Amino acid sequence: MHARFVTSTLTGTARAVKASVPRVPSLAFTTPVSRKLFHTSPWTLSVNAPEPAPTHSSSNPPMAFPCVDHLEQRTQKFLQSFDGGPEPSYSNPISGYSLYQHNEPFLLDHGGILPKFEIAYESWGEMNADKSNVILLHTGLSASSHAKSHAANTAPGWWEKFIGPGLAIDTNRFHVICTNVIGGCYGSTGPSSIDPKDNKPYATRFPIITIFDMVRAQFEMLSSMGIQKLHASVGASMGGMQSLAAALLFKERVGKVISISAAARSHPYSIALRFTQRQVLMADPNWNKGFYYDKVPPHSGMKLAREIATISYRSGPEWEQRFGRKRAQPTTTPSLCADFLIETYLDHQGERFCLQYDPNSLLYVSKAMDMFDLSASTSAETAIRRARNTLRLQEGKGSSAPENAATPPEEQAAACVTGTSAAQLKAKAELQDDPKAQLNDLKQGLSTIKDIPTLVLGIQSDILFPVWQQKEVADCLRETGNKNVTYYELDSMYGHDAFLLEIVNVGSAVKGHLELKE
């Protein structure tokens, strides 16, 4: 294997963004980003579109739209910056991480290929002599590898109060590794990375990726480090999907699993929410089918996409208590821009995110979440595609399939991974309208990890990953023979984001499972 490690020497500073809303625990996905940038823009087909002339015969004067003007001003700042000023840089917005470099072709589940890739990672705690105390911490959709502050980057991480001596993930006991997923934009290879074939950003020439691709890339990195088996695979949200996928793909290399606020398969409601975000983003003319890296980025669409996402991250009860029906400026005439406190909060969340994360990464990574499914038939289909793609790569290198392969290699792969034959796969179409058959399909898929102690944790107010989806994971595992499944439901008002904010409740469950003696 051709792999080496280098340490990032980038520097970055974080600037605080002031919100005009009451303070509560906030999202911690605010990695130290180079924010000497700008601030957001509207849905305009022409940057220099003239304003409508005032109509003197109108019954009322035209309304002011400062929110639209603000977006327009940001676009103008971008245009001016191309004369030598700063431009957005999504590839390396943080400092203090290390890079794993994989210099061989990497086949992806849907037929794409990366000639090489890099993974940004950070670590905490000491690795023991036999490398058996390693915890792989998986991230959510938009998080970086910076889960915890350290000497090379002292900014608070997104799980700052969960990792450290004596904390939920005790660094006196464990060595913790957190990566930025492939497809992301915080140091790992993604759409904003340079395609070695032409030295230009991949943009939407980047291949479709899956959660399984992300995990397989992570385990390439672990292998190069000499880590044969993890103490635990831990994650929340999309990270909880990865932790389950790691156990399914590498069951001999995962000691324990923790999956928080996640699911074993994406369901229509969350798919619809992510689809809407992608549609809003791609409708921004500046998206330009993904080729915007030397132009004005789609900051308007990105802002609106984040506002939609934020609605799914928190809960109605919290917002009733926190904002109610209060207006930001109750003595002024209502406006069509942000007026209620909840509107100013959403506006703020969109503002802080729209230049912090690469829009193309949002498209690719969110699509990977939509496709996620641990059902046996889906795993078998994926294994078949991998086998076929591997053959194509071997043929391109002048290699050939083993001469004694009586069964087609793709069928061998399916049977090996899931016990499902190609003939059984043909019956998958019949599952689409049969919920009971779908559930049995999922149980068969999860039976692969029946021997791995697993903690599944859900939040009762979560609308993005409703708690019944975590219960589905726990029930399926138990019904397939896993006698070491722990399931908790937390009564928290913070919705999906509770895994970031409920330090005591979430932290206690995590700590108990990690330190449980087998």
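Reading the values: the criteria
Residues numbered from 1 in each chain as written. Predicted model: local features only at pLDDT ≥ 70, side-chain atom pairs only at ≥ 80, totals over all residues. Heavy atoms only, no water. Helix = DSSP H or I, 4+ residues; strand = E, 2+ residues; numbered from the N terminus. Buried < 20%, exposed > 50% of the residue type's maximum accessible area, 1.4 Å probe, protein only. Contact = heavy atoms within 4.5 Å. Areas by Shrake-Rupley, 256 points an atom, 1.4 Å probe, with all protein chains shown as cover. Axes fitted to C-alpha atoms, helices over the stretch in contact; angles between N-to-C directions. Parallel < 35°, antiparallel > 145°, perpendicular 65-115°, else oblique. Left-handed = near helix turned anticlockwise from the far one by under 90°. Nonpolar A, V, L, I, M, F, W, Y, C, P; charged D, E, K, R; others polar. Phe/Tyr/Trp six-rings, centres within 6.5 Å; stacked < 30°, edge-to-face > 60°. Lys NZ or Arg CZ within 6 Å of the ring centre and 35° of its normal. Polar contact = N/O pair within 3.5 Å; in protein donor to acceptor, adjacent residues only side chain to side chain. Core = buried A, V, L, I, M, F, W, Y, C linked by side-chain atoms within 4.5 Å. Disulfide = S-S within 2.5 Å. pLDDT = per-residue confidence, 0-100.

Engineer: Give me the overall build of the protein chain: which residues, what numbers.
Structural biologist: A count of helical and extended segments in the protein chain gives 15 helices and 15 strands. Counting only residues that meet the buried cut, the protein chain has 55% of its 518 residues in that class. The long-range fraction of contacts in the protein chain, counting pairs at least 24 apart against all pairs at least 6 apart in sequence, stands at 77%. In the structure as shown, the protein chain presents an accessible area of about 23,100 Å², 53% of it carried by carbon and sulfur atoms.

Engineer: Mind laying out the packing of helix 12 (residues 435-446) against helix 13 (residues 467-479), listing which residues take part and the relevant values?
Structural biologist: Geometrically, a packed helix pair is captured by the angle between its two axes and the distance between the axes. At a minimum axis distance of 9 Å, the contact between helix 12 and helix 13 shows a crossing angle of 70°. Taken together, helix 12 and helix 13 sit at an angle that is classed as roughly perpendicular. Along this stretch, helix 12 crosses helix 13, giving a crossing that reads as right-handed. Between helix 12 and helix 13, the contacting residues are L439, L442, K443 and L446 on the first element and E472, V473, C476, L477 and E479 on the second. Here the residues of the contact of helix 12 with helix 13 are counted per class, giving six nonpolar, no polar and three charged.

Engineer: How would you summarise the packing of aromatic side chains if you had to cite specific residues and measurements?
Structural biologist: Per the stated rule, a full pass over the model turns up 13 aromatic pairs. Ring-pair connections join several aromatic residues into one group, and the members of that group are Y100, F106 and F117. Sitting over the face of the ring of F250, R253 holds its NZ or CZ atom 5.9 Å from the ring centroid.

Engineer: I'd like to hear about the environment of Q444, residue by residue, with values.
Structural biologist: Along the polypeptide, Q444 turns up in helix 12. As for Q444 and A376, which are separated by 68 residues in sequence, their C-alpha atoms are 5.5 Å apart.

Engineer: An account of the side chain of Q101 is requested, with residue identities and associated values reported.
Structural biologist: With respect to the helices and strands, the residue Q101 is situated in strand 2 (residues 98-102). In this structure the side chain of Q101 is engaged in a polar contact, spanning 2.9 Å, whose partner is the side chain of E118.

Engineer: How would you sum up the nonpolar core? Please name residues and give values.
Structural biologist: Membership of the largest hydrophobic core comes to 77 residues, with the highest contact counts inside it found for I177, I211, M214, Y357 and L374. A total of eight residues in this core trace back to one element, the largest contributor, which is helix 2 (residues 211-224). Those residues within four positions of I177 in sequence are excluded, and the remaining contacts are Y121, E122, S123, V134, I135, L136, L137, M221, L222, M225 and I227. Grouped together as the second largest cluster of nonpolar side chains are 32 residues, F174, L457, A498 and F499 included.

Engineer: Describe the state of the cysteines, and please don't skip the residues or the numbers.
Structural biologist: For the structure shown, the criterion picks out one disulfide. What pairs with C67 in a disulfide is C337, and their sulfur atoms sit 2.0 Å apart. Judged by the torsion about the S-S bond (-70°), the C67/C337 disulfide is left-handed. Here C67, found in helix 1 (residues 66-81), pairs with C337, found in the loop between helix 6 (316-322) and helix 7 (341-353); they are 270 residues apart in sequence, far enough to count as distant. Given the relative accessible area of 27%, C67 is considered partly exposed. Residue C337 is classed as buried on the basis of its relative accessible area, which comes to 9%.

Engineer: Please provide a residue-by-residue account of the confidence of the model for the protein chain, values included.
Structural biologist: On average, residues of the protein chain carry a pLDDT of 84, and 79% of them reach 70 or more. Taken together, the stretch residues 1-49 has pLDDT below 50 and engages in 146 contacts with residues farther than four places along the chain or on a different chain. Low pLDDT (under 50) marks residues 84-91, which in the prediction has 27 contacts with non-local residues, meaning those over four places away or in another chain.

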